[in-house]
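Structural overview
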Amino acid sequence: ILLRLGQLANSLENKDIAIPSLRLYTELMPNDANALSELGMLYKSVGLRRAAQECLEKAVELAPNDLTVLTRLSILYEDLGYYHKAIKCYKKRAELEPSDHMPHLGCGDIYFRWAMESKNPSTRYQLLQKAIDSYNEAIKRCPESFSIWEALAICYASIGDFEKATKCRKKAKKIQDKLRK
């Protein structure tokens, strides 16, 4: 009952009920990785990042191959600026689900964000190259994704390869036009 109450309250965005319900449930059922993961995301949503990290890391210990738990921890790590850890989680997810483009897209986004924060031009370039590699892996799995082609165009433009940036932008535009029809 506590789990369902917490989930229902969360779906209604009533965190004042959702958090205590899920917290009590996870105290009674400490090995429920999904409940811990959900509680971690609730903590994150109200700014309790340390509590979120503890819940999500425990959830991954309990269910190291759970795609949802790994994704949630990746998202939290990225928000905390723990880019190496976030990428490690996404790479683990990619191993578990080789045909899925999302972990590669996640890595690309993290590398790009990291590059934009870097003050060192050499490091920035290397991170942009890793973003490009990650986005290319995502495109292999989902070649008709407008957003991946757009992200790739931005990366190429950021390293000064305007020819490739233009080609990627044209591909994105073609996909977008097709989606509008």
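Keep in mind that this is a model prediction, so the values were computed, not measured.

Examining the environment of M29
Mapped onto the elements of the fold, M29 is located in the loop between α2 (15-28) and α3 (33-45). In this structure the C-alpha to C-alpha distance between M29 and L128, which are 99 residues apart in sequence, comes to 43 Å.

Brief notes about the packing of aromatic side chains
Overall, the coordinates contain three aromatic pairs when judged by the stated rule. With centroids separated by 6.4 Å and ring planes inclined at 5°, the aromatic side chains of Y111 and W114 adopt a geometry described as stacked. Highlighted residues: Y111 and W114, both in helix α7 (residues 102-117), separated by three residues, approximately one helical turn. Judged by its relative accessible area of 21%, W114 falls in the partly exposed class. Every member of this aromatic cluster is reached through a ring pair, and the members are Y83, Y111 and W114.

Notes on helix α6 (residues 83-96)
Helical periodicity: at 3.6 residues per turn, an α-helix aligns residues three or four positions apart in one direction. In this model, α6 (14 residues) spans 20 Å end to end at C-alpha, consistent with the 20 Å of a helix rising 1.5 Å per residue. Looking at α6, one finds that the buried residues are Y83, A86, I87, C89, Y90, R93 and A94. Looking straight down α6, one finds that the buried residues subtend no more than 160° of arc, so they occupy a single side. Of the residues in α6, the exposed ones pointing more than 90 degrees away from the buried face are H84, K88 and E95.

Digging into the state of the cysteines
A complete count under the given rule lists zero disulfides for this structure. For the unlinked cysteine C155, the closest cysteine sulfur is that of C168, found at 9.3 Å.

Observations concerning the packing of α7 against helix α9 (residues 146-158)
At a minimum axis separation of 11 Å, α7 and α9 run at an interaxial angle of 30°. What the angle tells us is that α7 and α9 run roughly parallel. For α7 against α9, the interelement crossing comes out left-handed. Contact with α7, carried on its side by L105, F112 and M116, involves I148, I154, C155 and S158 of α9 and no other residues of that element.

A short note on the environment of G160
Mapping G160 onto the fold places it in the loop between α9 and α10 (162-180). Judged by relative accessible area, G160 falls into the partly exposed class, the value being 41%. Considering only alpha carbons, one finds G160 and Y25, 135 residues apart in sequence, at a separation of 53 Å.

Section: α2
If you check α2, its first and last C-alpha atoms are 19 Å apart, about what 14 residues at 1.5 Å a residue would give, namely 20 Å. Here α2 has its buried residues at A18, I19, S21, L22, Y25 and T26.

Overview of the side chain of S37
Within the secondary structure, S37 sits in helix α3. A polar contact is formed between the side chain of S37 and the side chain of R72, at a distance of 2.9 Å. Ignoring sequence-local partners within four residues, the contact set of S37 consists of L56, A59, V69 and R72.

Some thoughts on the side chain of R93
In this fold, R93 is placed in helix α6. Its relative accessible area of 11% is what places R93 among the buried residues.

Criteria and cut-off values
- Residues numbered from 1 in each chain as written.
- Predicted model: local features only at pLDDT ≥ 70, side-chain atom pairs only at ≥ 80, totals over all residues.
- Heavy atoms only, no water.
- Helix = DSSP H or I, 4+ residues; strand = E, 2+ residues; numbered from the N terminus.
- Phe/Tyr/Trp six-rings, centres within 6.5 Å; stacked < 30°, edge-to-face > 60°.
- Buried < 20%, exposed > 50% of the residue type's maximum accessible area, 1.4 Å probe, protein only.
- Expected span 1.5 Å × (residues − 1).
- Arc of directions from axis to C-beta.
- Disulfide = S-S within 2.5 Å.
- Axes fitted to C-alpha atoms, helices over the stretch in contact; angles between N-to-C directions.
- Parallel < 35°, antiparallel > 145°, perpendicular 65-115°, else oblique.
- Left-handed = near helix turned anticlockwise from the far one by under 90°.
- Contact = heavy atoms within 4.5 Å.
- Polar contact = N/O pair within 3.5 Å; in protein donor to acceptor, adjacent residues only side chain to side chain.

All we've got here are geometric facts, nothing functional implied.
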